[in-house]
Amino acid sequence: MWEGSYALEPFDLRLTVIRMVCNLKWIIGLTLLGTLVFGGGYYVKNVILGEPPKYETTITCKLEYTNPPVQSGDYYINEMTWNTYVDSEEFLKLVEAAEPFAYMDVTLDMWAGGAAEAISASVASDIHVPSFKVSMTSAEKAELLAGVVQWVLTGPFAESVPEIASMKVIDVSGPELVYPDVRPVRAVILSALLSCFFVVVFLLLREIGADSIWLPATLRKRYGLQALGTICSSEFQENICYLYKDKKRIAVCAVEESVNPQEVIKSLQEKQQKEWFAVPTPLLSPEVAETMRQADGVLLVVEAGLHAGKPLEYVLEFMEVQEISTTAVLLWNANEALIKAYYFGRK
């Protein structure tokens, strides 16, 4: 009778680390893929297809309020309000009505490639000193539009707002060529780090939750079975001699159909001359139970790998109901390099 020992099986950090090393090619490959997708996408969007550099002219003004704000609740114009003003249809019409735009055949929006985006406002510190930025694709256009905006701000616009007593320009800087704030190197590094992190987390979750069997010791710790080892382990032949010394006819039962029993028997005959005979897996042929009961011993063959535990549990449940005793278990197609690394070079 077998009994699972999942609650008693400790987390094997060493095996997990070795498995992550075995998956290193997947970690590197998927990290490079994620970097290419996300970092490359950022580069294409913001560098190849991004906005071209623009010439910016900054206009700094000094204004006086009709009723100066001296206490809480007094009226003043903040940064959001200034941006609402310069983006408004009324302000843009004042700009279009000024020279030289009044004599142009195209609208300001067409000439500037988006008039609302060409003019912006900010209030850095003092509400009496707002700044206005004019951004255009050429220095000539930036200088021309900046001159018109200065005239509108200090003239028609200031006169149309009753809360403003006066407004004058105190400084004009530019036009200066300004490149978009694009950082492809940082984007690539961040993409690589995030891709590597999520790949490692995904592989860790897969390793923890895959119900995998990589070591013969897992068969004993988790299922309480006698493990012969692997076909290449040094103790394999001695374990066969001890566990099957009084048994002549031994049924070799592969847990999964992917294992070729004849290939297993051929390897067993090289180690120990006995009457080994193959029976199909109970997963496909439950009628083999009688044949297995009549045998002197039963050898289960479990293929190492991910998701190997559930098929084994199914077979063990079937054998328990049929009152078939499992003599020993052989771990087939095991990763010998992994086992050697797990035991620090000794098998």
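Refer to the structure printed above.
Structure report, in brief. Quantities reported herein were computed from a predicted structural model and do not represent experimental measurements.

## Quick look at the overall build of the protein chain
Argument step 1. Counting its secondary structure elements, the protein chain contains 14 helices and nine strands.
Argument step 2. In terms of C-alpha radius of gyration, the protein chain reaches 40 Å, well past the compact-globule figure of 20 Å for 347 residues.
Argument step 3. By residue count, 40% of the 347 residues in the protein chain fall in the buried class.
Argument step 4. Contacts in the protein chain between residues at least 24 apart in sequence constitute 79% of all its contacts with a sequence separation of at least 6.
Argument step 5. Working note: accessible area of the protein chain is about 19800 Å², and carbon and sulfur atoms make up 56% of it.
Argument step 6. On the protein chain, the mean spot of the 28 positive side-chain charges and the mean spot of the 43 negative ones are 16 Å from each other.

## Notes on the packing of aromatic side chains
A ring pair, where both rings are aromatic, is described by two values, the distance of the centres and the angle of the planes.
Argument step 1. Counted according to the given criterion, the structure contains eight aromatic pairs.
Argument step 2. Centre to centre, the rings of tyrosine 85 and phenylalanine 157 are 5.2 Å apart; their planes meet at 70 degrees, and the pair counts as edge-to-face. Placement of tyrosine 85 in helix α3 (residues 79-87) and of phenylalanine 157 in helix α7 (residues 139-160) is noted, with a sequence separation of 72 residues between them.
Argument step 3. You can call phenylalanine 157 buried: its relative accessible area is 5%.
Argument step 4. Ring centres of phenylalanine 91 and phenylalanine 157 lie 5.5 Å apart, and the angle between their planes is 80 degrees; this geometry places the pair in the edge-to-face category. Placement of phenylalanine 91 in helix α4 (residues 89-97) and of phenylalanine 157 in helix α7 is noted, with a sequence separation of 66 residues between them.
Argument step 5. An aromatic cluster of three or more residues is present, and its members are Trp82, Tyr85, Phe91, Phe132 and Phe157.
Argument step 6. Above the plane of the ring of tyrosine 342 lies arginine 14, whose end atom (NZ or CZ) is 4.9 Å from the centre.

## Side note on helix α11 (residues 261-271)
Argument step 1. Among the residues of α11, those classed as buried are Pro261, Val264, Ile265, Ser267 and Leu268. Take α11 and look down its axis: the buried residues cluster within an arc of 165 degrees, on one side only. Exposed side chains of α11 directed beyond 90 degrees from the buried face belong to Gln262, Lys266 and Glu270.
Argument step 2. Looking at the packing, one finds that the buried side of α11 touches α10 (236-243), β6 (249-254), β7 (275-279), β8 (297-303) and β9 (328-332).
Argument step 3. Measuring from the backbone nitrogen of glutamine 262 back to the side-chain oxygen at the start of α11 gives 3.2 Å, which picks out asparagine 260 as the cap.

## Comments concerning the sheet that holds β6
Argument step 1. With parallel pairing, the five strands of this open sheet are ordered in space as β5-β9-β8-β6-β7. Both edges of this open sheet fall to β5 (227-230) and β7, since each of them pairs with a single strand only. Sheet twist, expressed as the mean angle between neighbouring strand axes with direction ignored, is 25 degrees.
Argument step 2. In this sheet, β8 lies alongside β6 in parallel orientation, the contact comprising five bridges. Across the sheet, alanine 254 pairs through a bridge with valine 301, a residue of β8.
Argument step 3. Running over the sheet, helix α9 (residues 216-223) touches β5 and β9 and is turned about 155 degrees from β5.
Argument step 4. Helix-sheet contacts for α11 involve β6, β7, β8 and β9, and the interaxial angle to β7 is about 165 degrees.

## Comments concerning the pairing of strand β1 (residues 54-65)
Remark: a regular strand shows side chains that alternate across the two faces of the sheet.
Argument step 1. Here β1 pairs with strand β4 (residues 164-178) via eleven bridges, running antiparallel. Bridge pairing in β4 links threonine 60 to aspartate 171.
Argument step 2. Both β1 and strand β3 (residues 131-136) contribute to a ladder of six bridges, which runs antiparallel. Within β3, the residue paired with tyrosine 55 across the bridge is methionine 136.

## Focus on the layout of surface pockets
Argument step 1. Approximately 520 Å³ is the volume found for the largest pocket.
Argument step 2. Lining the largest pocket are 21 residues, with Glu9, Asp12, Glu207, Ile208 and Arg222 positioned closest to its centre.
Argument step 3. Sorting the residues of the lining of the largest pocket by element identifies α1 (13-22), α8 (184-209) and α9 as the ones contributing at least two each.
Argument step 4. It is α9 that contributes the most residues to the lining of the largest pocket, four residues altogether.

## Overview of the nonpolar core
Argument step 1. Ranked by size, the top nonpolar core spans 34 residues in total, and within it Ile213, Met292, Leu300, Leu312 and Met319 carry the most contacts.
Argument step 2. At five residues, the largest contribution of residues to this core is made by helix α13 (residues 309-321).
Argument step 3. The residues contacting methionine 292, other than those within four sequence positions of it, are Cys253, Val279, Pro282, Val298, Met319 and Ile324.
Argument step 4. Formed by 31 residues, the second largest nonpolar core is a distinct cluster that contains Phe101, Ala118, Leu145 and Val152.

Parameters at a glance
Residues numbered from 1 in each chain as written. Predicted model: local features only at pLDDT ≥ 70, side-chain atom pairs only at ≥ 80, totals over all residues. Heavy atoms only, no water. Helix = DSSP H or I, 4+ residues; strand = E, 2+ residues; numbered from the N terminus. Rg over C-alpha atoms; globule rule 2.2 N^0.38 Å. Buried < 20%, exposed > 50% of the residue type's maximum accessible area, 1.4 Å probe, protein only. Contact = heavy atoms within 4.5 Å. Areas by Shrake-Rupley, 256 points an atom, 1.4 Å probe, with all protein chains shown as cover. Lys, Arg positive; Asp, Glu negative; His and termini not counted. Charge placed at Lys NZ, Arg CZ, Asp CG, Glu CD. Phe/Tyr/Trp six-rings, centres within 6.5 Å; stacked < 30°, edge-to-face > 60°. Lys NZ or Arg CZ within 6 Å of the ring centre and 35° of its normal. Arc of directions from axis to C-beta. Polar contact = N/O pair within 3.5 Å; in protein donor to acceptor, adjacent residues only side chain to side chain. Pairing = 2+ DSSP bridges. Axes fitted to C-alpha atoms, helices over the stretch in contact; angles between N-to-C directions. 1 Å grid on protein atoms, 1.4 Å probe; cavity = no way out; pocket = protein on both sides within 12 Å on 5 of 7 lines; lining within 4 Å. Points joined across faces, edges and corners; volume = space filled by probe spheres on them. Core = buried A, V, L, I, M, F, W, Y, C linked by side-chain atoms within 4.5 Å.

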